[in-house]
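Understanding the architecture of this molecule
Given next are the chains, with one letter for each unit.
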Amino acid sequence: MANKPDLLDMTLEELEQVFVSMNEKPYRAKQLFKWLHKGTADFEQMTDLPQALKEKLKSGYKIGRLILLQRLASSDKRTVKYLYLLTDNNIIECVSMQYEYGMTLCLSTQVGCRMGCSFCASTTGGLARNLTAGEMLAQVLAVNSDLSEHNKPNINGLVLMGCGEPLDNYDNVVKFIKLVHDPLGLNIGYRNITLSTCGLVPKMYTLADEGLNINLAVSLHAPNDNIRRDIMKIAHAFGIEDVIKAARYYFDKTGRRVTFEYALISGINDRPEHAKELCRLLSGFPCHVNVIPLNEVKHLSRKRSSEDSIKAFIDILQSKGINVTRRREMGLDINGACGQLKAAYLEKERG
Ligand code: SF4
């Protein structure tokens, strides 16, 4: 079972190839694609497929499924964090967030992460493996099914900001984005999809040229290389000026606004001089800065900035005409930051 190809991982064209190889009509691919993307995981429920074809599919293919290990809803019920078991016993997490304009899912693109950001729980055990496009899609389908059970609207926006660095799993991530965008399936608009990167410069250029026109978020977290290298390993490979240059290229090429994520860490990157340096760095770039009060991770030493420092930092950016918002903190009571729920679960399991 485990080694059978996963139908969720296939594009419409790939499904057509499957049917051609089975001497079946290629139009069957559209029927199957629709069922799969509606979240139907049982061939028997695919009422417009002939029984003989269902049997062939059952014997040669699987429909990837995630097993729910834990579901934690925030006290206001607007944020729900899910922990899922994959077929190889790896664990991933994702979180749904209900806004005025719809339901957004923050999903994982890798099991673990090898980027080593010093404030992040996802990277503690390094990278276990990449997720397939089908496993990313399975997160959306599993959460949609849960939301329906709870009379909530389905996912209409995605942020690739959970565990993993999306651009470190480039091909699978691009395939996934095309799958969820397909009008025969979930039909999620590119404008409703945001990919977050810690700054893999060459891949930022590749993504800009991909023609997807999704939103780009760049985890900057520092106004200069010295501080960035202290908190983000990736900054040793790519300088901050090169990250900004790649982000400008992305904006010029796609017309999509770039957001810079800036987690304020007490005593590290949250002083007024850091805010002024950030303004100089971004001057003339029509971008957006998202200031994030750090979500502290128990076993990591980085601490959240004081409310006064957060306010002063934002005031300076605003006074220099930078478009800035403070990220709404959702789900703090359910280990909202990526990697935290999994870490807490594993800790409990190990006793
Ligand atoms: S913040 Fe993102 S890129 Fe950095 S270690 Fe965590 S998951 Fe990886």
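These lines cover the structure that appears in this document, whether it is placed above or below. Along each chain, residue indices are assigned from 1 in the same order as the chain's sequence is written. Two thresholds apply to this predicted model, a pLDDT of at least 70 for residue-level local features and 80 or more for giving and counting side-chain atom pairs, whereas whole-chain, interface and lining totals are computed over all residues. Just so you know, side-chain values use all the structure's heavy atoms and leave hydrogens and water out.

Now for the side chain of Thr194. With respect to the helices and strands, Thr194 occurs in strand 8 (residues 193-197). Among the polar contacts listed, one links the side chain of Thr194 to the side chain of Asn215, at a separation of 3.3 Å. Here, residues are in contact when the closest pair of their heavy atoms is within 4.5 Å. Residues within four places of Thr194 in sequence aside, it is in contact with Leu158, Val159, Leu160, Met161, Asn215 and Ala217. Segments assigned H or I by DSSP are reported as helices when at least four residues long, segments assigned E as strands when at least two residues long, and all are numbered from the N terminus. Nitrogen and oxygen atoms within 3.5 Å of one another constitute a polar contact, given that in protein one can donate a hydrogen and the other can accept it, and given that sequence-neighbouring residues count only through two side-chain atoms.

On to the packing of helix 1 (residues 12-21) against helix 2 (residues 28-37), then. For any two helices packed against each other, one specifies the inter-axial angle together with the distance between the axes. Interhelical geometry of helix 1 versus helix 2 gives an angle of 125° and a closest axis separation of 8 Å. The angle between the axes of helix 1 and helix 2 places the two elements in the oblique class. Considering how the two elements wind past one another, helix 1 and helix 2 form a crossing that is right-handed. When helix 1 is examined against helix 2, the residues Leu12, Leu15, Glu16 and Phe19 are found in contact with a partner set consisting of Arg28, Ala29, Lys30, Leu32, Phe33 and Leu36. The residue classification treats Ala, Val, Leu, Ile, Met, Phe, Trp, Tyr, Cys and Pro as nonpolar and Asp, Glu, Lys and Arg as charged. All others, Gly included, are polar. Across the contact of helix 1 with helix 2, the residue classes break down as seven nonpolar, no polar and three charged. Geometry is summarised by axes, namely lines fitted to C-alpha atoms with helices restricted to the contacting stretch, and by angles between N-to-C directions that run from 0 to 180 degrees. Small angles under 35 degrees read as roughly parallel and large ones over 145 as roughly antiparallel, with 65 to 115 read as roughly perpendicular and the rest as oblique. If you view the pair so one helix is near and one far, a crossing is left-handed when the near helix is turned anticlockwise from the far one by less than a right angle, and right-handed when it is turned clockwise.

A word on the sheet that holds strand 11 (residues 288-293). A sheet is described by the order of its strands in space; here ten strands give the open sequence 1-2-3-4-7-8-9-10-11-12, paired in mixed fashion. Edge positions in the open sheet fall to strand 1 (67-73) and strand 12 (323-326), since each of these has one partner strand only. Neighbouring strand axes in the sheet, compared pairwise and without regard to direction, differ in orientation by 25° on average. For strand 10 (residues 258-264) and strand 11, the ladder comprises six bridges, and the chain directions are parallel. When the bridges of strand 11 are listed, Thr259 appears paired with His288. Sheet strands in contact with helix 5 (residues 170-181) are strand 7 (155-160) and strand 8, and its direction is about 170° off that of strand 7. Sheet strands in contact with helix 10 (residues 307-319) are strand 10, strand 11 and strand 12, and its direction is about 160° off that of strand 12. Strands pair, by our definition, only if DSSP identifies at least two bridges between them.

Only protein chains enter the accessibility calculation, which uses a 1.4 Å probe; a residue is then buried when its area is under 20% of its type maximum, exposed when over 50%, and partly exposed in between. Within the span of helix 1, buried status applies to Leu12, Leu15, Val18 and Phe19. Projected down its long axis, helix 1 shows its buried positions confined to an angular sector of 110°, all on one face. Residues of helix 1 that are exposed and point over 90 degrees away from its buried face: Glu13, Gln17 and Ser21. Turning to helix 1, the residues buried within the fold contact helix 2 and helix 3 (51-60). Phi for Asn23, located one or two positions after helix 1, is positive at around 55°. Arc, as used here, means the arc of the directions from the helix axis to the C-beta atoms.

Ring geometry is summarised as follows: Phe, Tyr and Trp rings, the Trp one being its six-membered ring, pair when their centres sit within 6.5 Å, and such pairs are stacked at plane angles under 30 degrees, edge-to-face over 60 and tilted between the two. Going through the model one piece at a time under the given rule, you end up with six aromatic pairs. Judged by centre distance (5.3 Å) and plane angle (5°), the rings of Tyr99 and Tyr101 are stacked. Residue Tyr101 is classed as exposed on the basis of its relative accessible area of 61%. Between Tyr205 and Tyr249, the ring centres sit 5.0 Å apart and the planes meet at 50°, which makes this aromatic pair tilted. Of this pair, Tyr205 sits in helix 6 (residues 201-208) while Tyr249 sits in helix 8 (residues 240-254), and the two are 44 residues apart along the sequence. Relative accessible area serves as the criterion here: at 26%, Tyr205 is assigned to the partly exposed category. Aromatic rings pair up to connect Phe251, Phe260 and Phe285 into one cluster.

Geometric values such as these leave the question of function open.
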